[in-house]
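Structural characterization, general
Given next are the chains, with one letter for each unit.
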Amino acid sequence: MTQKPETIAHQVESAKAESRELPPLEKWNPELSGNIDIVIARDGQWLFEGRPIHRDALVKMFSNILRREDDGEYYLVTPVEKWRITVEDTPLLAHSLHAIGEGNDQVLVVTTNTGETIEIGATHPLRVGTYDGSDEPRPVVQVRHGLEARLVTAAYYDLAELVTEDSPEGETGLGVWSNGNFYKIAANG
């Protein structure tokens, strides 16, 4: 979905200002404290001991101290504690996708279920794979600290409307442009 550039630009600037408030997880390396019964379901719902966490502020706070480590596991991390949690698919969902500009010059912006606004580009690349054993598409954007946000169906349809055929590296394929990068969705063949 294409939105007025000034509206998206304001959202992106707000997101950049907010990102300065994120804790420095890369500096925190406490020993494992154990497992905590928090599950992030495939639909994005956060559960504690099987019950939904209804406070959005609590979910947002937890998402700010969440990272995925090299072992593939997800952890809530503070300077002195590290708790392993369960994530069924991705910890974040991208509920909307908007384009600023057009063609090779466009910038794609997603907004997550925790209110973050992220520009797809070199720092936050887009990857469209499939679920294991299925042809079901799994479009994700890299967020930070190993976390990804999966585009929900509506955002994926918005992405599909922007797909173009191009061959920036000599191999023709279908994809989208954002921040000067071409993200392949599929190869022609």
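Reference entry: report on the structure contained in this document. None of the values given here were measured: they were computed from a predicted structure.

**A short note on the overall build of the chain**
Of the regular secondary structure elements, the chain holds 3 helices and 15 strands. Within the chain, the proportion of its 189 residues that are buried is 43%. Sequence separation of 24 or more characterises 48% of the internal contacts of the chain that already satisfy a separation of 6 or more.

**Some details on the environment of Leu-108**
Tracing the sequence through the fold places Leu-108 in strand β8 (residues 107–112). By relative accessible area, Leu-108 is classed as buried at 0%. Separated by 54 residues in sequence, Leu-108 and Leu-162 have C-alpha atoms that sit 9.6 Å apart. Among residues more than four places away in sequence, those in contact with Leu-108 are Leu-97, His-98, Ala-99, Ile-118, Glu-119, Ile-120, Leu-159, Leu-162, Val-176, Trp-177 and Ser-178.

**Observations concerning the layout of surface pockets**
Taken as a whole, the second largest pocket holds about 200 Å³ of empty space. Along its surface, the second largest pocket is lined by 13 residues, and Gly-44, Trp-46, Asp-56, Val-59 and Asn-113 are the ones closest to its centre. For the lining of the second largest pocket, the elements supplying multiple residues, two or more each, are α2 (56–64) and β7 (92–100). The leading source of residues in the lining of the second largest pocket is α2, at 3 residues.

**Section: the pairing of β7**
Along β7, 8 of the 9 residues are buried, which leaves the element largely enclosed by surrounding structure. Bridging between β7 and strand β12 (residues 148–151) involves 3 bridges; their strand directions are parallel. For Ala-94, the partnering residue across the bridge sits in β12 and is Leu-151. As defined by bridge partners, β7 adjoins β8 across 6 bridges and the pair is classed as antiparallel. By the bridge assignment, Ser-96 is partnered in β8 with Thr-111. Hairpin connection between β7 and β8: a loop of 6 residues separates the two successive antiparallel strands, and Gly-101 in this loop has a positive phi of roughly 80 degrees.

**With respect to the sheet that holds strand β6 (residues 82–87)**
Spatially, 6 strands are ordered β3-β2-β1-β6-β5-β4 in an open sheet, and the strand pairing comes out mixed. With partners counted over all chains shown, the strands left at the sheet margins are β3 (51–52) and β4 (66–68), one partner each. Where β4 lies against strand β5 (residues 74–77), 3 bridges are found, and the strand directions are antiparallel. Paired with Arg-68 across the bridge in β5 is Tyr-74.

**Things to note about the side chain of Arg-138**
Mapped onto the secondary structure, Arg-138 falls in strand β11 (residues 137–142). Separated by 2.9 Å, the side chains of Arg-138 and Asp-89 make a polar contact. In contact with Arg-138, not counting residues within four places along its chain, are Asp-89, Thr-90, Arg-127, Val-128, Gly-129, Thr-130, Tyr-131, Glu-148 and Arg-150.

**Some points on the pairing of strand β1 (residues 34–40)**
For β1 and β6, the ladder comprises 4 bridges, and the chain directions are parallel. What sits directly across from Ile-40, in β6, is Val-87. As consecutive antiparallel partners, β1 and strand β2 (residues 46–48) are separated by 5 residues, and within that stretch Gly-44 has a phi angle of approximately 90 degrees, a positive value.

Rules used in this analysis
- Residues numbered from 1 in each chain as written.
- Predicted model: local features only at pLDDT ≥ 70, side-chain atom pairs only at ≥ 80, totals over all residues.
- Heavy atoms only, no water.
- Helix = DSSP H or I, 4+ residues; strand = E, 2+ residues; numbered from the N terminus.
- Buried < 20%, exposed > 50% of the residue type's maximum accessible area, 1.4 Å probe, protein only.
- Contact = heavy atoms within 4.5 Å.
- 1 Å grid on protein atoms, 1.4 Å probe; cavity = no way out; pocket = protein on both sides within 12 Å on 5 of 7 lines; lining within 4 Å.
- Points joined across faces, edges and corners; volume = space filled by probe spheres on them.
- Pairing = 2+ DSSP bridges.
- Polar contact = N/O pair within 3.5 Å; in protein donor to acceptor, adjacent residues only side chain to side chain.

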